[in-house]
Amino acid sequence: MCRSHMVLLDDRAGRLPAETEQQVSGCLDAATLSRWLDRAVTAETLDEVFAQD
């Protein structure tokens, strides 16, 4: 699941900062990953994806 997040975020935001890659790849909570993926579909910025987390 993490890989799909990285691909979507890369497509939407361009090259991801290393800290964002680490945040996503280090997350083991399925609910959080799902929430980020849902947000990534419509978010205009990375800040919107990770807001409130």
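In case you missed it, the structure is sitting above this.
Calculation notes
- Along each chain, numbering runs from 1 in the same order as the chain's sequence is written.
- Only residues with pLDDT of at least 70 get local features here, since the model is predicted, and only at 80 or more are side-chain atom pairs given and counted; chain-wide, interface and lining totals rely on the full set of residues.
- Only hydrogens and water are set aside; all other atoms, that is, all heavy atoms of the structure, feed into the side-chain values.
- Under the DSSP-based scheme used, a helix requires at least four consecutive residues in state H or I and a strand at least two consecutive residues in state E, with every element numbered from the N terminus.
- What a helix is expected to span follows from its residue count: subtract one and scale by 1.5 Å.
- Here the term buried applies to any residue with accessible area under 20% of the maximum for its type, exposed to any over 50%, and partly exposed to those in between, with areas from a 1.4 Å probe on protein chains only.
- Of all possible arcs, the one meant is that of the directions from the helix axis to the C-beta atoms.
- We call two N or O atoms a polar contact when they sit within 3.5 Å, provided that within protein one can donate a hydrogen and the other can accept it, with sequence-adjacent residues counted only if both atoms are side-chain atoms.
- In this analysis, two residues are considered to be in contact whenever any of their non-hydrogen atoms come within 4.5 Å of each other.

Draft legend 1. Summary view of helix α3 (residues 30-42). Helix length check: α3 (13 residues) gives 19 Å between terminal C-alpha atoms against 18 Å at 1.5 Å per residue, within 8%. Within the sequence span of α3, burial applies to Thr32, Leu33, Trp36, Arg39 and Ala40. For α3, the angular spread of buried residues about the axis comes to 130 degrees, placing them on one side. For α3, the exposed residues set more than 90 degrees away from the buried face come down to Ala30, Asp38, Val41 and Thr42.

Draft legend 2. Structural view of the side chain of Arg39. Note that Arg39 resides in helix α3. Polar side-chain contacts of Arg39 include one of 2.7 Å to the backbone oxygen of Ala51. Ignoring any residue separated from it by four or fewer positions in sequence, one finds Arg39 in contact with Glu48, Val49, Phe50, Ala51, Gln52 and Asp53.

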